Amino acid sequence: MPLVDTKKMFEMAYKNGYAVGAFNVNNMEITQGIVDAVAEEKAPLILQISRGARKYASMSYLMAIIDVAVKENPDIPIAVHLDHGDTFEICKQCVDEGFTSVMIDASSLPFKQNVDTTAKVVEYAHSNGVVVEAELGQLGGIEEDIEGVSSDEVSKHLTDPDQAIEFVNSTGCDSLAVAVGTSHGAYKFKTVPKLAFDVIEKISKRLPGFPLVMHGSSSVLKEFKDLINKYGGNMPDAMGVPEEAISKAAKMAICKVNIDTDLRMALTAKIRQVFAENPAEFDPRKYLGPGRAAIKSMVKHKLNVLGCNGKAAECL
Ligand code: 13P
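Residues numbered from 1 in each chain as written. Predicted model: local features only at pLDDT ≥ 70, side-chain atom pairs only at ≥ 80, totals over all residues. Heavy atoms only, no water.

Some remarks on the side chain of T171
And step 1. As for its position among the elements, T171 is in helix 7 (residues 161-171).
And step 2. Within the structure, the side chain of T171 is placed 2.8 Å from the backbone oxygen of F167, a separation counted as a polar contact.
And step 3. In terms of polar contacts, T171 uses its side chain to reach the backbone amide nitrogen of C173, at 3.2 Å.
And step 4. Not counting chain neighbours up to four residues away, the residues in contact with T171 comprise V115, T118, A119 and V122. (Helix = DSSP H or I, 4+ residues; strand = E, 2+ residues; numbered from the N terminus. Polar contact = N/O pair within 3.5 Å; in protein donor to acceptor, adjacent residues only side chain to side chain. Contact = heavy atoms within 4.5 Å.)

A short note on unusual backbone geometry
And step 1. A positive phi angle is found at S58, which is not glycine, with a value near 75°.
And step 2. Within the secondary structure, S58 is located in the loop between helix 3 (51-57) and helix 4 (59-72).
And step 3. Looking at S58, the relative accessible area reads 26%, which means it is partly exposed. (Buried < 20%, exposed > 50% of the residue type's maximum accessible area, 1.4 Å probe, protein only.)

A short note on the environment of S108
And step 1. As for its placement among the helices and strands, S108 is situated in the loop between strand 4 (101-104) and helix 6 (111-127).
And step 2. In this structure the C-alpha to C-alpha distance between S108 and A39, which are 69 residues apart in sequence, comes to 37 Å.

Structural notes on the site of the ligand
And step 1. Taken together, 17 residues surround the ligand, and among them K188, G216, S218, D260 and T261 come closest.
And step 2. Contact distances for the ligand include 3.1 Å between an oxygen atom and a side-chain N or O atom of H215.
And step 3. S218 places a side-chain nitrogen or oxygen 2.6 Å from an oxygen atom of the ligand.
And step 4. Within the complex, the protein chains bury 98% of what would otherwise be the 300 Å² of accessible surface of the ligand.
And step 5. Of all the secondary structure elements, the ones that give two or more residues to the shell around the ligand are strand 3 (78-85), strand 9 (183-184) and strand 11 (254-259).
And step 6. In terms of residue class, the shell around the ligand is made up of 1 nonpolar, 12 polar and 4 charged. (Near = heavy atom within 4 Å. Areas by Shrake-Rupley, 256 points an atom, 1.4 Å probe, with all protein chains shown as cover. Nonpolar A, V, L, I, M, F, W, Y, C, P; charged D, E, K, R; others polar.)

In structure tokens, the structure reads:
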């Protein structure tokens, strides 16, 4: 089956209390690890591509890799999504290139400008059969070259539920990324975090059935953090979102959960381990292979945390 958009996935996720994993892809091994995991777990999938990924791997290579994944897995609904498009032009380009979903992130602009930019993207995307995720409120942390608010400031930049209702009604966006206390990257918190579940609840009460998105949702798994630190890395203060909090949000109106850092850490941990244990190794297959296998088992675990394992068929 061809690529799908996220409408049916979100409808089922909302109704049945789970979230779909949106995983960032940058190369073949990362994509294969993710796709092999969803194929075994029979889960719906969103593969997302950031501006940095486009620059690193080029769109044609990434789309060709995804094309193979789609052809080899006809029973798995797969959406391809632009992560953090920051201008109308980049969103338009992705719509024209065959993405089935785009994100316009104009959340750093004043409210009115965010509304206007998002509405323009919605108009173009919808006229081409593509869905749009927008963002309101500001996350913390650093994602590629985009720096969010500092970790101490995150709680002051949460999404305002009243504004969210107005934003969704005036833009016609299909889903909304909300700031509920998460941050991008590996250094999200200094102490055990509390997510603002009340923000999710308030929005969903007034916009029943409307899908919300949680960015910055890596957990910084202990297994990979420990391996990185053991084998010459230096990430002692890395801290992510507890998985219980992700599962709780997934049962609420959060229908899409974004994960990138956990993929990066799984791959890095295994590569470090191979190099430390076999300093003479120079065959890329011998370190990228274990990295890909680690991504696969990590993603299988995440799909259970999100509750979307076994849900592929109902999303087709
Ligand atoms: P993490 O850095 O927590 O993986 O978040 C990724 C993300 O939100 C991509 O948009």
